[in-house]
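Residues per chain are reported as follows:
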Amino acid sequence: MTTNDDHHTASRNSNNIQIASYVSSPSDEGDRQIIEFGYEPVFKREFGRLASFSFAFSISGLYATIATTFIYGLRAGGAPALVWCWLISGFGCMCIALSVAELVSAYPTSGGLYFTLKYLLPAKYIPLTSWICGWLNLLGQVAGLASTDYGCSQLLLAAISMGTGFRYKPTAGHTVGVMAAIVILHGFINSLSTKWLDRITRWYAIFHLTVLLSASIALLVCQKEKHSAKYVFVDIESRNGWSPIGFSFLFGFLSVAWAMTDYDATAHIAEEIQNAAVRAPQAITSALFLTYSLGFLFNIVLAFTMGDIDNLLSSPTDQPFAQLFYNVFGIAGGIAFTLFAFIILNFCGIAALQASARTIFAFSRDELLPFSNIWTRINSYTSTPLIAVWLNVILAIGINLIGLASYTAITAIFDVCTIALDWSYCIPIICKMIFSSRTGRYTPGPWNLGKFSWIINCWSVIWTLFVSIIFLMPTTRPVTAENMNYAAVILVGILTFAMIYWYIGGAREKYIGPRNKHQQQKEENNITESISSMYKKDHVTKF
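Just so it is clear, the structure is predicted and the values come from calculations on it, not from any experiment.

**Side note on the overall build of the protein**
(1) Moving on: Of regular secondary structure, the protein possesses 26 helices and zero strands.
(2) Moving on: Residues counted as buried form 61% of the 543 residues belonging to the protein.
(3) Moving on: For the protein, long-range pairs separated by at least 24 residues make up 84% of all intrachain contacts whose partners lie at least 6 apart in sequence.
(4) Moving on: Accessible surface for the protein amounts to roughly 20100 Å². Of this, 65% is attributable to carbon and sulfur atoms.

Next up, the structure:
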């Protein structure tokens with residue numbers, strides 16, 4: 001990818017307005033690129049290589065996300081669903097991650113893949129397509145945060161239940177209340193400066209890998225009655241009421257898709273990463289490949305050592321994963337490994353909130369959201385969008401209030417997270433495949449897929465379409481009001497609001513899509529006027 005230094009070293013006419021040194025000579029090449037994209041650099045680039053990888057790995061929360069979604073594979077097909085669904089679905093997820101990483105390398109901004117549409121589409125299609133893509137991504141980010149912290153609450157209460165000998169049974173009200181406290185805690189952590197977030201995130205990956213390895217070894221050593229290879233790899237047992245059994249098996253993909261999603265979370269902190277055009281895509285791909293390979297191996301360990309499935313599904317904690325460790329290690333071991341999952345999922349929630357806040361900030365500086373001038377305000381001490389952080393906290397708590405009425409409705413949040421995020425990625429991927437050669441504006445970044453790009457992009461879209469159909473269907477039969485999958489209702493509701501806001505709320509009159517002054521700068525060979533004008537439009541204020 002060619003740099004933009006030529007634009008900044010071009011000769012200036014004597015009558016040019018003098019620009020502040022921090023604008024004309026940014027200290028980081030990434031900041032120069034942000035200026036080329038039409039934005040003002042406002043974040044400090046504190047994230048190095050280790051922290052960037054650890055952040056990307058934390059989004060998957062592998063050990064903990066398997067813990068909270070373990071039940072889906074068990075019901076879908078038993079042990080074989082745990083193993084083969086991870087292998088099959090994980091490959092599709094890896095293709096999406098590679099496609100996302102390629103676009104992130106080309107355009108590393110807090111807007112993520114949403115911003116890339118400025119370079120991938122003919123001008124007349126940019127506003128509405130960006131609008132839909134942005135709202136899908138925002139829905140997925142908020143739903144992901146909500147479901148993550150709801151899972152944190154479930155794990156903590158499961159550990160407490162074990163400690164009381166299962167005399168205490170978590171209720172919906174308790175779960176939602178603890179979830180709210182956890183989200184607020186994550187809000188306070190995300191109110192720290194980027195330097196402290198870097199320090200918190202940096203060592204997460206090492207802790208996570210240590211827990212994963214310890215759990216695997218301990219299960220294999222301590223579980224004396226292991227299942228046979230035939231039981232683990234062949235004997236599919238459906239417990240969700242769907243038939244034929246092969247169709248039931250497909251619902252096991254949900255666990256994998258929820259663990260291996262939010263690929264662009266690292267992109268949303270790209271303006272805080274050093275050498276983001278290289279390190280952001282490297283972090284995404286390496287973290288997802290590690291998640292894919294270790295997740296497959298860990299599911300094999302779980303399948304061999306999990307004991308009786310019906311016993312796990314009837315657990316008083318409603319957490320089969322926690323019950324497995326309780327059965328093998330007793331109270332102390334069960335509580336310890338459940339709390340490890342709780343801690344890991346907390347790191348995942350902290351990272352998800354950070355990424356989601358940057359998403360709101362990025363979308364608001366393009367005036368995509370109502371009251372955009374509020375959400376773009378940057379705290380002068382932390383150099384972070386604190387108001388956007390706390391908006392996320394409120395939205396996550398609001399979504400999870402659904403859990404007071406129906407646990408099934410909460411499971412729809414898991415589905416919505418995956419569907420909304422994956423389609424917010426696939427829209428730019430599809431546009432790249434169809435229009436990039438026509439517009440001539442797309443230039444691959446330093447990290448790209450080369451000749452394999454088109455086939456990997458194509459499979460990403462096909463796979464997303466396939467699993468989206470599955471994730472919109474009820475996971476259990478017979479279907480009742482209590483077990484109905486309400487993901488479609490939530491998805492349609494948010495998109496309906498977005499379109500009403502577009503056509504009736506007046507958004508289409510002022511929203512033009514992601515900003516970009518690159519072509520204007522190129523033609524005029526004079527960045528003074530363009531930078532001045534674009535900063536006038538930026539609603540970035542400090543408080």
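**A few points about helix H5 (residues 62-77)**
(1) Moving on: Of all the bends found along H5, the most pronounced is centred on threonine 69 and spans about 55 degrees.
(2) Moving on: Buried residues dominate H5, accounting for 15 of its 16 residues.

**Side note on the pattern of salt bridges**
Two side chains of opposite charge can pair, provided their charged atoms sit close to one another.
(1) Moving on: Summed over all chains, the structure comprises seven salt bridges.
(2) Moving on: A salt bridge links arginine 365 to glutamate 271; its shortest N-O distance comes to 2.5 Å. One end of the pair, arginine 365, is in helix H18 (residues 320-365); the other, glutamate 271, is in the loop between helix H15 (265-268) and helix H16 (276-305), and 94 residues separate them in sequence. Glutamate 271 matches arginine 365 in its accessibility class, with the two residues each being buried.

**Concerning unusual backbone geometry**
(1) Moving on: You will see that asparagine 275, though not glycine, has its phi angle at about 55 degrees, which is positive.
(2) Moving on: Assignment of secondary structure puts asparagine 275 in the loop between H15 and H16.
(3) Moving on: The exposure class of asparagine 275 is partly exposed, given its relative accessible area of 41%.
(4) Moving on: A positive phi angle, near 55 degrees, is found at phenylalanine 371, a position not held by glycine.

**Details of the environment of asparagine 137**
(1) Moving on: Note on placement: asparagine 137 falls in helix H8 (residues 126-163).
(2) Moving on: As a C-alpha pair, asparagine 137 and aspartate 264 span 127 residues in sequence and 9.6 Å in three-dimensional space.
(3) Moving on: Excluding its chain neighbours within four sequence positions, the residues that come into contact with asparagine 137 are Asp264, His268, Thr359, Phe363, Ala420, Leu421, Ser424 and Tyr425.

**Re the nonpolar core**
(1) Moving on: The biggest cluster of nonpolar side chains holds 165 residues, and the ones touching the most others in it are Tyr63, Phe70 and Met306.
(2) Moving on: In terms of residues, this core owes the most to one element, H18, which gives 18 residues.

**Concerning a nonpolar patch on the surface**
(1) Moving on: A cluster of nonpolar residues, Leu50, Trp203 and Ile206, forms a patch on the protein surface that exposes about 310 Å² of accessible area.
(2) Moving on: In this fold, isoleucine 206 is placed in helix H11 (residues 204-222).

**Examining the state of the cysteines**
(1) Moving on: Applying the stated rule across the entire model yields zero disulfides.
(2) Moving on: Summary of cysteine pairing: cysteine 426 is not part of a disulfide, and the nearest cysteine sulfur, belonging to cysteine 133, is at 9.9 Å.
(3) Moving on: Its sulfur unpaired, cysteine 431 is 8.1 Å from the next cysteine sulfur, which belongs to cysteine 133.
(4) Moving on: The exposure class of cysteine 431 is buried, given its relative accessible area of 7%.

**Some details on empty space enclosed by the protein**
(1) Moving on: One pass over the full model with this rule turns up seven cavities of 30 Å³ or more.
(2) Moving on: Taken as a whole, the largest cavity spans an internal volume of roughly 120 Å³.
(3) Moving on: Around the largest cavity sit 16 residues that line it, and Ile59, Gly144, Thr148, Thr261 and Asp262 are the ones nearest its centre.
(4) Moving on: For the lining of the largest cavity, the secondary-structure elements that each account for two or more residues are helix H4 (49-60), H8, helix H14 (253-259), H18 and helix H21 (407-439).
(5) Moving on: Counting residues per element, the lining of the largest cavity draws most heavily on H8, which supplies five residues.
(6) Moving on: Partitioning the lining of the largest cavity into residue classes produces eight nonpolar, seven polar and one charged.
(7) Moving on: Counted as a void, the second largest cavity has a volume near 70 Å³.
(8) Moving on: Taken together, Ile66, Thr69, Phe70, Gly73, Ala81, Leu82, Cys85, Trp86, Gly252, Ser255, Val256 and Asn299 make up the lining of the second largest cavity.
(9) Moving on: Those elements giving two or more residues to the lining of the second largest cavity turn out to be H5, helix H6 (79-106) and H14.
(10) Moving on: Here the residues of the lining of the second largest cavity are counted per class, giving seven nonpolar, five polar and no charged.

**Digging into the packing of aromatic side chains**
(1) Moving on: A complete count under the given rule lists 41 aromatic pairs for this structure.
(2) Moving on: When the ring of tyrosine 204 is compared with that of phenylalanine 347, the centres are 5.0 Å apart and the planes differ by 50 degrees; the resulting orientation is tilted. Here the residue tyrosine 204 occupies a position in helix H11, and phenylalanine 347 occupies one in helix H18, the gap between them amounting to 143 residues.
(3) Moving on: Overall, the relative accessible area of 1% leaves tyrosine 204 in the buried class.
(4) Moving on: Overall, the relative accessible area of 22% leaves phenylalanine 347 in the partly exposed class.
(5) Moving on: In textbook terms, an aromatic cluster arises when at least three aromatic residues are bridged by ring pairs, as seen for Tyr63, Phe70, Phe207, Phe298, Phe321, Phe325, Phe329, Phe337 and Phe340.

**Here's the deal with the confidence of the model for the protein**
(1) Moving on: Averaged over all residues, the pLDDT of the protein equals 84, while 89% of them reach at least 70.
(2) Moving on: Counting interchain partners and residues more than four positions distant, the pLDDT-below-50 stretch residues 1-27 has 40 contacts.
(3) Moving on: Contacts for the low-pLDDT stretch residues 516-537, under 50 throughout, to residues beyond four places or in other chains number 45 contacts.

**Brief notes about the packing of H6 against helix H7 (residues 113-120)**
(1) Moving on: Interaxial distance between H6 and H7 falls to 10 Å at its minimum, and their mutual angle equals 70 degrees. The angle between H6 and H7 places the two elements in the roughly perpendicular class. Between H6 and H7 the crossing geometry is left-handed. Of H7, the residues touching H6 (which contributes Val100, Leu103 and Val104) are Leu113, Thr116 and Leu120.

**Considering the side chain of threonine 291**
(1) Moving on: As for its position among the elements, threonine 291 is in helix H16.
(2) Moving on: Among the residues examined, threonine 291 registers a relative accessible area of 0% and is labelled buried.
(3) Moving on: A polar side-chain atom of threonine 291 sits 3.1 Å from a polar atom in the side chain of serine 60.

**Regarding the layout of surface pockets**
(1) Moving on: Empty space within the second largest pocket amounts to approximately 380 Å³.
(2) Moving on: Considering the residues around the second largest pocket, the lining is formed by 14 residues, among which Trp135, Leu138, Val142, Leu395 and Ile494 are closest to the centre.
(3) Moving on: Of all the elements in the fold, those that place two or more residues in the lining of the second largest pocket are H8, helix H20 (386-400) and helix H23 (487-503).
(4) Moving on: Top element by residues in the lining of the second largest pocket is H8. It accounts for four residues.
(5) Moving on: Of the residues contributing to the lining of the second largest pocket, the split by class is 14 nonpolar, no polar and no charged.

What counts and what doesn't
Residues numbered from 1 in each chain as written. Predicted model: local features only at pLDDT ≥ 70, side-chain atom pairs only at ≥ 80, totals over all residues. Heavy atoms only, no water. Helix = DSSP H or I, 4+ residues; strand = E, 2+ residues; numbered from the N terminus. Buried < 20%, exposed > 50% of the residue type's maximum accessible area, 1.4 Å probe, protein only. Contact = heavy atoms within 4.5 Å. Areas by Shrake-Rupley, 256 points an atom, 1.4 Å probe, with all protein chains shown as cover. Bend = angle between axes of the 7 residues up to and from the residue. Salt bridge = Lys/Arg side-chain N within 4 Å of Asp/Glu carboxyl O. Core = buried A, V, L, I, M, F, W, Y, C linked by side-chain atoms within 4.5 Å. Patch = residues over 30% accessible without salt bridge, like charges linked within 9 Å, V, L, I, M, F, W, Y side chains within 5 Å. Disulfide = S-S within 2.5 Å. 1 Å grid on protein atoms, 1.4 Å probe; cavity = no way out; pocket = protein on both sides within 12 Å on 5 of 7 lines; lining within 4 Å. Points joined across faces, edges and corners; volume = space filled by probe spheres on them. Nonpolar A, V, L, I, M, F, W, Y, C, P; charged D, E, K, R; others polar. Phe/Tyr/Trp six-rings, centres within 6.5 Å; stacked < 30°, edge-to-face > 60°. pLDDT = per-residue confidence, 0-100. Axes fitted to C-alpha atoms, helices over the stretch in contact; angles between N-to-C directions. Parallel < 35°, antiparallel > 145°, perpendicular 65-115°, else oblique. Left-handed = near helix turned anticlockwise from the far one by under 90°. Polar contact = N/O pair within 3.5 Å; in protein donor to acceptor, adjacent residues only side chain to side chain.

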